[in-house]
Structure formats: C-alpha cells, structure tokens
Amino acid sequence: MSYLLTGCVNLPEGIEPVSSFSLERYLGTWYEIARLDHSFEKGLRDVTATYSRRNDGGIRVINRGFDPDKNEWREAIGKAYFIEDSHQGLLKVSFFGPFYGAYVIFELDPNYQYAFVSGPGRDYLWLLARTPKVSAELIEHFRQKAKALGFDLSRLKLVEHATPSDQTTN
C-alpha cells in the first residue's frame, strides 16, 4: 500500500524497481494480502488499494480498509507520480500535502496478478494481489524474497478479507 508518512523518495538500498512496467495494466483494485503493520493500518482488514488516472497525468490512489473495532470503513485518498520514467515501477506518493514517499514495485507478476511493494525504507512492505486470497506458495515466496532483501518480518501481518456476506458496507 502507499500510506507512507515520510517525505523521502529515495530507493531502499539494494531494492530495484521492476522495468517494463505498464501503468494501464496496473490500474484498478488490488487487495492487500500482507503488510508490515503500522499505526495507520493497525487493526484494518479488507484493505484495498485502487489506482486510476488523474487529469494532471498522475495517479489517483484510494486506500480503503475496514476497522472492525469501530465497525466502520476508513479511507485515504492520495496521488502518485512516476519519479523517472513511466516504464519503471518507481513512483512517489502523497497522502499528506506536499510530502511524498517512494513507492517501489520490486516484483510484479507478468500477468499483473500480484505485486511486491516497498516504501522508501525497509519499514514499509506490502504484498498486493488482484484477488483477496492467494496461494500459500506465493506468500512463502514473498516472505523469502523480503527476508533476502533485509526486511524484518517480525511485524508482518497477513490481512483478513471477509467474504462479501460478512462485510459491512457504508
């Protein structure tokens, strides 16, 4: 996801963004499968990130998750822009005015069914997918790759996704 709280748009050392990136294929809704937990997402389930084009050439980002303790949906709307070229999975994203953080897609399924995403450092990490459930093998691959890249997985949280009949809507 891209709820980054820092203004840094640097790449984490040793993490390379994907090349041959296609924004058109990336647009749409992604389900958050796993994340390094942070206060701004703590306790949220059914988390999604939806990406669409902005009129200024950027990308509109809507992050949405359900807070079961408050029985309500929480939503954050942000914007993202490519840092270098649009064929590289390296963007800057902002939810807080002029402050941007790096959004680094460092692994992307050739069919755009899953993405491994980092923020500006190793405190931010997400596994996103086009479906709310993925295979145990994909989660293990994500863990192994993240560990090899130096992420501390002690705070890694697998995100719950309710079946549609279990969800409360607003």
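Bear in mind that the values here come from a model prediction, so they are computed numbers and not experimental data. (Residues numbered from 1 in each chain as written. Predicted model: local features only at pLDDT ≥ 70, side-chain atom pairs only at ≥ 80, totals over all residues. Heavy atoms only, no water.)

Trainee: Sorry if this is basic, but what is going on with the confidence of the model for the protein here?
Mentor: Caution applies to low-pLDDT regions: their predicted coordinates should not be interpreted in detail. Mean pLDDT over the protein: 90, with 90% of residues reaching 70 or higher. Predicted confidence is poor over residues 165-170, with pLDDT under 50, and the contacts of this stretch with residues over four places away or in other chains come to ten contacts. (pLDDT = per-residue confidence, 0-100. Contact = heavy atoms within 4.5 Å.)

Trainee: Quick question: what am I supposed to make of empty space enclosed by the protein here?
Mentor: Empty pockets left among the atoms are what a rolling probe the size of a water molecule brings to light. Under the criterion given, the structure shown has one cavity of 30 Å³ or more. By volume, the largest cavity amounts to about 80 Å³. Around the largest cavity sit twelve residues that line it, and Y26, Y51, I59, L91 and Y103 are the ones nearest its centre. Among the secondary structure elements, those contributing two or more residues to the lining of the largest cavity are helix 1 (23-26), strand 3 (59-67), strand 5 (90-96) and strand 6 (99-108). Among the residues forming the lining of the largest cavity, the class breakdown is eleven nonpolar, one polar and no charged. (1 Å grid on protein atoms, 1.4 Å probe; cavity = no way out; pocket = protein on both sides within 12 Å on 5 of 7 lines; lining within 4 Å. Points joined across faces, edges and corners; volume = space filled by probe spheres on them. Helix = DSSP H or I, 4+ residues; strand = E, 2+ residues; numbered from the N terminus. Nonpolar A, V, L, I, M, F, W, Y, C, P; charged D, E, K, R; others polar.)

Trainee: Could you clarify how one ought to interpret the environment of Y26 in this entry?
Mentor: Along the polypeptide, Y26 turns up in helix 1. When the C-alpha atoms of Y26 and L108 are compared, they prove to be 9.6 Å apart, with 82 residues separating the residues in sequence. When near neighbours in sequence (up to four residues on either side) are disregarded, Y26 contacts F21, Y51, Y103, I105, L108, Y112, A115, V117, L128 and R130.

Trainee: Before we go on, may I ask you to explain the packing of aromatic side chains in this structure?
Mentor: The description of an aromatic ring pair rests on the distance of the ring centres and on the angle between the ring planes. What the rule picks out here adds up to 14 aromatic pairs. Pairing Y26 with W30 gives two aromatic rings, centres 4.8 Å apart and planes at 35°, and the pair type is tilted. In this pair, the class of Y26 matches that of W30, namely buried. Taken together through their ring pairs, the aromatic side chains of F21, Y26, W30, Y51, F82, Y103 and Y112 make up a single cluster. A cation sits over an aromatic face here: K92 above Y100, 4.9 Å from the ring centre. (Phe/Tyr/Trp six-rings, centres within 6.5 Å; stacked < 30°, edge-to-face > 60°. Buried < 20%, exposed > 50% of the residue type's maximum accessible area, 1.4 Å probe, protein only. Lys NZ or Arg CZ within 6 Å of the ring centre and 35° of its normal.)

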